[in-house]
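Secondary and tertiary structure notes
The chain contents come next:
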Amino acid sequence: MAKALPKPKCKKCEEKCGKGKTSPEVLAQLEAGYEKLVDSDSPSMLKRFLTKEIFDKLKYKKTSFGSTLLDCIQSGLENLDSGIGVYAADPECYQVFSPLFDPIIEEYHHVKATDKQPASDWGNAATFGNLDPKGEFVISTRVRCCRTIKGYPFNPCMTEENYKDIESQMQAALKDLPGDLAGTYNPLTGMSKEVQQKLIDDHYLFKEGDRFLQSANACRFWPTGRGIFFNQAKTFLMWICEEDHLRIMCMQPGGNVGETFKRLIAAVAEVQKKVTFVTSERFGFLTFCPTNLGTTIRASVHIKVPKLSRDMDKFKELAGKFNLQIRGTGGEHSDSPDGVYDLSNKRRLGLTEYQCLKEMYEGITEIIKAEKGAK
Ligand code: ADP
Ligand code: ARG
């Protein structure tokens, strides 16, 4: 099923690929961007970890795909409000630009660069129950993971043909799923704006025009190859060719983590029968963004915490104590005006799938206790 790694043919890579050093144009852009970053008050990890010494060492390097340091940091240079600011333009970047990626990965996931990812272990989903049986706090639960399909690079090096190939490969793979996983694939190409917006508003579909992804060169040929699969009940969904080749997710109303996770385990097992994914000893499942490496699991709840969220600094501190990340209910980089937040496990590398769920489950249990006890 997996094809030989295609030679990057996109316009961008044709310009930069091949032998030799980083071109003078790219070097000039790097220097100008770096100067701006240094002078800024950007909160990004890129700003903290790209020291002058590391910058000078990495600015001449290229991967065999032709990716440069600029390809990895352009998003953080253009979006100074980034939290992280880097993406691996191709899988080799994690190695070639490791003096920048390693400290970011170490801090984000609480691992050491010498650590290896533990073997996949999804554990027993039935050990998780319902976080909120009375339905007072948790509106909905979602668990997602990301996958890179063997034989294709990451977005910035993908050709239009690659997008079409992945889409048709996945369309075939998702055709005859068993039981309640069965559903339909809906390509973005040809989808009406109304249908697309409704899917986004209902929290099923990725947004369009993410500026962080756009400046990372991850949205070329849009909407070619992009789409969403879902079962009838929209409790099992898959995004094709957004940030990663695949985002596989299960979601449902309420706080039943066990049920949601169990369905995801079954869904991933089915997909795995048909498609081969890229893994690494050190990073587990490979992803475009270093925050998603490892298990790639983000288990989240949309939860009402009007009292705790009155003091956001304190709320962030409490969430941080349980390694939970706070997002708005419109997804990453969104606001939450009504006291409802998206809380999820932050770490995904250096622990198993089961441990990711456990971290989220135990953390949310404590958050609910704190919300109940808050004045
Ligand atoms: P990802 O989770 O794939 O990293 P986002 O943070 O952008 O990406 O979220 C994608 C979509 O999933 C958003 O519309 C978001 O509101 C929705 N979502 C995330 N968690 C939940 C949840 N627990 N319940 C309902 N929708 C959710
Ligand atoms: N690049 C963005 C930032 O640094 C997002 C990072 C994590 N999220 C993601 N979808 N990969 O803020």
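A short tour of the structure in this document, coming up. (Residues numbered from 1 in each chain as written. Chains lettered and ligands numbered in written order. Predicted model: local features only at pLDDT ≥ 70, side-chain atom pairs only at ≥ 80, totals over all residues. Heavy atoms only, no water.)

Description of the environment of Gly227
Condition: In this description a helix means any DSSP run of H or I spanning at least four residues, a strand means any run of E spanning at least two, and both kinds are numbered starting from the N terminus. Contacts: residue pairs with any heavy atoms within 4.5 Å of one another.
You can see Gly227 is positioned in strand β3 (residues 227-231). Sequence-wise, Gly227 and Arg144 are 83 residues apart; in three dimensions their C-alpha atoms are separated by 16 Å. Not counting residues within four places of it along the chain, the set of residues in contact with Gly227 comprises Tyr185, Asn186, Pro187, Leu188, Phe206, Met238, Trp239 and Ile240.

As for the nonpolar core
To keep it simple, the criterion reads: We define a nonpolar core as any set of buried Ala, Val, Leu, Ile, Met, Phe, Trp, Tyr and Cys residues linked to one another through side-chain atoms lying within 4.5 Å. Here's how the labels work: a residue is buried when its accessible area is under 20% of the maximum for its type, exposed when over 50%, partly exposed in between, all with a 1.4 Å probe on protein chains only.
With 57 residues, the main nonpolar core has Met170, Met238 and Ile303 as its most contacted residues. A per-element tally of this core places helix α13 (residues 353-373) first, with 8 residues. Among all residues touching Met170, those that are not within four sequence positions of it are Ile149, Met238, Ile240, Leu246, Val271 and Val275.

Section: the site of ligand 2
What counts, and what does not: Definition of nearness: a residue and a molecule or strand are near each other if at least one heavy atom of the residue lies within 4 Å of the molecule or strand. Here a polar contact is recorded for every N or O atom pair within 3.5 Å, except that within protein the pair must consist of a potential hydrogen donor and a potential acceptor, and residues adjacent in sequence are included only if both atoms are side-chain atoms. Polarity classes work like this: nonpolar for Ala, Val, Leu, Ile, Met, Phe, Trp, Tyr, Cys and Pro, charged for Asp, Glu, Lys and Arg, and polar for all others, with Gly in that last group.
Near ligand 2 you find Ser82, Gly83, Ile84, Gly85, Tyr87, Phe212, Glu243, Cys289, Thr291, Asn292, Glu332 and His333, and these make up its full shell. For ligand 2, an oxygen atom lies 2.7 Å from a polar atom in the backbone of Ile84. Between an oxygen atom of ligand 2 and a side-chain N or O atom of His333, the distance comes to 3.1 Å. Residues belonging to the shell around ligand 2 are distributed by class as follows: 4 nonpolar, 6 polar and 2 charged.

A few points about the pairing of strand β8 (residues 298-304)
Walk down a regular strand and you will see the side chains alternate between the two sheet faces. How we decide: When DSSP locates at least two bridges between a pair of strands, those strands are taken to pair.
Within β8, 6 of the 7 residues are buried, leaving the element largely enclosed by the surrounding structure. Pairing between strand β1 (residues 138-147) and β8: 6 bridges, direction antiparallel. Bridge pairing in β8 places Arg142 opposite Ser300. One ladder, built from 5 bridges, connects β8 with strand β10 (residues 340-345); its direction is antiparallel. Each bridged residue has a counterpart across the sheet, and for Lys304 the counterpart in β10 is Val340.

A short note on the sheet that holds β10
To keep things clear, this is the line we draw: Lines fitted to C-alpha atoms define the axes, with helix axes restricted to the stretch in contact, and inter-axis angles between N-to-C directions lie between 0 and 180 degrees.
Overall, antiparallel pairing links the 8 strands, which are arranged β2-β3-β4-β5-β1-β8-β10-β9 in an open sheet. Edge strands, defined here as strands with exactly one partner in the open sheet, are β2 (183-187) and β9 (324-327). Here the average twist between neighbouring strands, direction ignored, is 20°. Packing against the sheet, helix α8 (residues 160-173) makes contact with β2, β4 (236-240) and β5 (246-253), and its axis sits at approximately 160° to β4.

Let's talk about the packing of aromatic side chains
So the rule is basically this: Two rings belonging to Phe, Tyr or Trp (six-membered ring only in the last case) form a pair when the distance between their centres is within 6.5 Å. Interplanar angles under 30 degrees mark stacking, angles over 60 mark edge-to-face geometry, and anything in between is tilted. Lysine and arginine charges are scored as sitting over a ring when NZ or CZ, respectively, is within 6 Å of the ring centre and within 35 degrees of the ring normal.
In total, this model carries 14 aromatic pairs according to the counting rule given. Ring centres of Tyr87 and Phe288 lie 4.7 Å apart, and the angle between their planes is 20°; on these two criteria the pair is classed as stacked. A residue pair is termed long-range when its members are at least 10 positions apart, and Tyr87 in the loop between α5 (69-78) and α6 (93-96) and Phe288 in the loop between β7 (284-285) and β8 qualify at 201 residues. Grouping residues by exposure puts Tyr87 and Phe288 together as buried. Ring centres 5.7 Å apart and planes at 70° place the aromatic pair Phe315 and Tyr341 in the edge-to-face group. Taken together, the positions of Phe315 in helix α12 (residues 312-321) and Tyr341 in strand β10 put the pair 26 residues apart, joining distant regions of the chain. Each member of the pair, Phe315 as well as Tyr341, is classed as buried. The residue whose ring lies beneath Arg147 is Phe285, and the NZ or CZ to ring-centre distance is 3.5 Å. Positioned above the aromatic ring of Phe230, the side-chain terminus of Lys234 is 5.0 Å from the ring centre.

A look at the site of ligand 1
Definition in use: Per-residue and other accessible areas follow the Shrake-Rupley method at a 1.4 Å probe size, with only the shown protein chains counted as cover for residues.
Around ligand 1, the surrounding shell holds 18 residues, and the nearest of these are Ser140, Arg142, Ser300, Arg327 and Thr329. One of the side-chain N or O atoms of Arg247 is found 2.9 Å from an oxygen atom in ligand 1. Contact between ligand 1 and Thr329: an oxygen atom at 2.6 Å from a main-chain N or O atom of the residue. Expressed as a share of its isolated accessible area of 560 Å², the protein-covered part of ligand 1 is 94%. Among the elements of the structure, β1, β5 and β8 are those that each provide at least two residues to the shell around ligand 1. Across the shell around ligand 1, the residue classes tally to 3 nonpolar, 8 polar and 7 charged.

Digging into the packing of helix α2 (residues 24-39) against α5
The condition that has to hold: Each crossing gets its hand from how the near helix is turned against the far one by less than a right angle, where anticlockwise is left-handed and clockwise is right-handed.
Their axes nearest at 11 Å, the elements α2 and α5 cross at an angle of 35°. Between α2 and α5 the crossing geometry is left-handed. Contacts between α2 and α5 involve Val26, Gln29, Leu30, Gly33, Tyr34 and Leu37 from the former and Leu69, Leu70, Ile73, Gln74, Gly76 and Leu77 from the latter. When the residues that make up the contact of α2 with α5 are grouped by side-chain class, the tally is 8 nonpolar, 4 polar and no charged.

As for the pattern of salt bridges
Selection rule: Put simply, a salt bridge is a Lys or Arg side-chain nitrogen that is within 4 Å of an Asp or Glu carboxyl oxygen.
Taken as a whole and assessed by the stated rule, the structure comprises 17 salt bridges. Put simply, Lys273 and Glu270 hold a salt bridge, and the shortest N to O gap is 3.0 Å. A residue is classified by how much of its surface remains accessible, and Lys273, at 62% relative accessible area, is exposed. Here the salt bridges do not stand alone but share partners, grouping Glu31, Lys52, Asp56 and Lys59 into one network.

Keep in mind these numbers describe shape, not what the thing actually does.
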